[in-house]
Amino acid sequence: MKGKRLKLLLYLVLGLVVGAAAGLVLRFKVIDRGAPGRVAETLAPALGGPFSLVDQHGKNVTDADFRGRFMLIYFGYTYCPDVCPTELQDMGLALDALGAAGDSVQPVFVTIDPERDTVAALAHYADLFHPRLVALTGTSEQVAAVAKAYGVYYARSEAEPGASEGEYLMDHSTFIYLMGPDGGYLARFPHGTSTDALAEGILNFL
Ligand code: NI
C-alpha cells in the first residue's frame, strides 16, 4: 500500500516536472514571437557577403569598411513612391530612438536601380533620411551581385502606357537586414515593422 502511494506520488511529481518544462518551452516560443507587430526573422539562411560599391560621395566602399560596426541595410531605389521612403525613415527613427546605443549601427541604403540612381542622385536622396546614412550604387553587375548575396529580388516593372523613357517603377523585396560587426547575418525585418519593434529588434543584438 505504501509502495503504491509512493509510486503514485512519483508519477505526480514527474508529471508536474514534464508539464512545467513543456510550459517553459511554450513560453519561450511565445516570447520569441511576442514583440508587437511584425518581428525579426532570425532563421534565414546565410545572407550577406562581400560587396564592392560606390557611396554618395563617389568613394569606393566594400563590406570590409563596415567591420566592427553593425550594418542596417535596406535595398530600394530613389524613385520609389512609397515603400522605400517609409522604410528609410523608419530606419532613421529606430536608430535615433536607440540613442547612444544606435551609434554602433551604420544605416546603409543600396540601390537596385543603378541606372537612375547615380552618385549625385544618391547624395541628394540620402540627406533626406538620416545624417549618417550611407547610400550605395555601382554597376549593374555590382548591384546584381550584392542583391543576390542578400537574397534580394528586384525587377523593372511594366511601364505605364504613355510613360516616357526612364519613367518606370521597380518591383523589389523590402526587408531591412541587420548584420553583425563581423559582417555576418543577424536578422531581417519585414516591411511594415514598426519603428519601436525595429529599435527593439536591433537592441536585442547590441
Ligand atoms: Ni521601394
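The sections below set out a description of the structure shown in this document. The shown structure was predicted, so the numbers you read here are calculated from the model rather than taken from an experiment.

1. Focus on the pattern of salt bridges
Thought 1: Under the criterion given, the structure shown has three salt bridges.
Thought 2: Arg116 is the salt-bridge partner of Asp113, the closest N and O atoms lying 2.8 Å from each other. We note that Asp113, like Arg116, is buried.

2. Re the nonpolar core
Thought 1: Judged by nonpolar contacts, the single largest core of 50 residues is most densely connected at Phe51, Ile73, Phe75, Tyr150, Tyr177 and Ile202.
Thought 2: With residues up to four places along the chain from it excluded, the contact list for Ile202 reads Leu72, Leu95, Leu98, Val105, Leu178 and Phe189.

3. Description of the coordination of the nickel ion
Thought 1: Bound to the nickel ion on the protein side are Cys80 (SG), Cys84 (SG) and His172 (NE2), at distances that span 2.1 to 2.3 Å.
Thought 2: The sequence motif formed by the donor residues of the nickel ion is C-x3-C-x87-H. Side by side, Cys80 and Cys84 carry an identical accessibility label, which is buried.

4. Focus: the sheet that holds strand 1 (residues 52-55)
Pairing between sheet strands relies on hydrogen bonds along the backbone, with the strands arranged either parallel or antiparallel.
Thought 1: Within the open sheet, the seven strands sit side by side as 2-1-5-4-3-8-9. Their pairing is mixed. The sheet is open, and its two borders are formed by strand 2 (60-62) and strand 9 (185-189), each paired with just one other strand. Geometrically, the sheet is characterised by an average inter-axis angle of 35° between neighbouring strands, direction not taken into account.
Thought 2: Where strand 3 (residues 70-76) lies against strand 4 (residues 105-111), seven bridges are found, and the strand directions are parallel. From the neighbouring strand, Phe75 faces strand 4, where its bridge partner is Val110.
Thought 3: Its contacts with the sheet put helix 3 (residues 119-127) on strand 1, strand 4 and strand 5 (134-137), and the angle it makes with strand 5 is roughly 155°.
Thought 4: Of the strands in this sheet, strand 1, strand 3, strand 4 and strand 5 are in contact with helix 4 (residues 140-149), which crosses strand 1 at around 115°.

5. Details of the environment of Gly58
Thought 1: Tracing the chain through its elements places Gly58 in the loop between strand 1 and strand 2.
Thought 2: Gly58 sits in the partly exposed class, given a relative accessible area of 43%.
Thought 3: C-alpha of Gly58 to C-alpha of Ala123: the two residues are 65 residues apart in sequence and 9.1 Å apart in space.

6. Thoughts on helix 3
Thought 1: Those residues of helix 3 not exposed but buried are Leu122, Tyr125 and Ala126. Projected onto a plane normal to the axis of helix 3, the buried residues spread over an arc of 95° and lie on a single side. Across from the buried face of helix 3, at angles greater than 90 degrees, the exposed residues are Ala120, His124 and Asp127.
Thought 2: Among the structural elements, helix 2 (83-97), strand 4 and strand 5 are those in contact with the buried residues of helix 3.

Criteria and thresholds
- Residues numbered from 1 in each chain as written.
- Predicted model: local features only at pLDDT ≥ 70, side-chain atom pairs only at ≥ 80, totals over all residues.
- Heavy atoms only, no water.
- Salt bridge = Lys/Arg side-chain N within 4 Å of Asp/Glu carboxyl O.
- Buried < 20%, exposed > 50% of the residue type's maximum accessible area, 1.4 Å probe, protein only.
- Core = buried A, V, L, I, M, F, W, Y, C linked by side-chain atoms within 4.5 Å.
- Contact = heavy atoms within 4.5 Å.
- Donors = N, O, S within 2.8 Å, 3.2 Å for Na, K, Ca; no water.
- Pairing = 2+ DSSP bridges.
- Helix = DSSP H or I, 4+ residues; strand = E, 2+ residues; numbered from the N terminus.
- Axes fitted to C-alpha atoms, helices over the stretch in contact; angles between N-to-C directions.
- Arc of directions from axis to C-beta.

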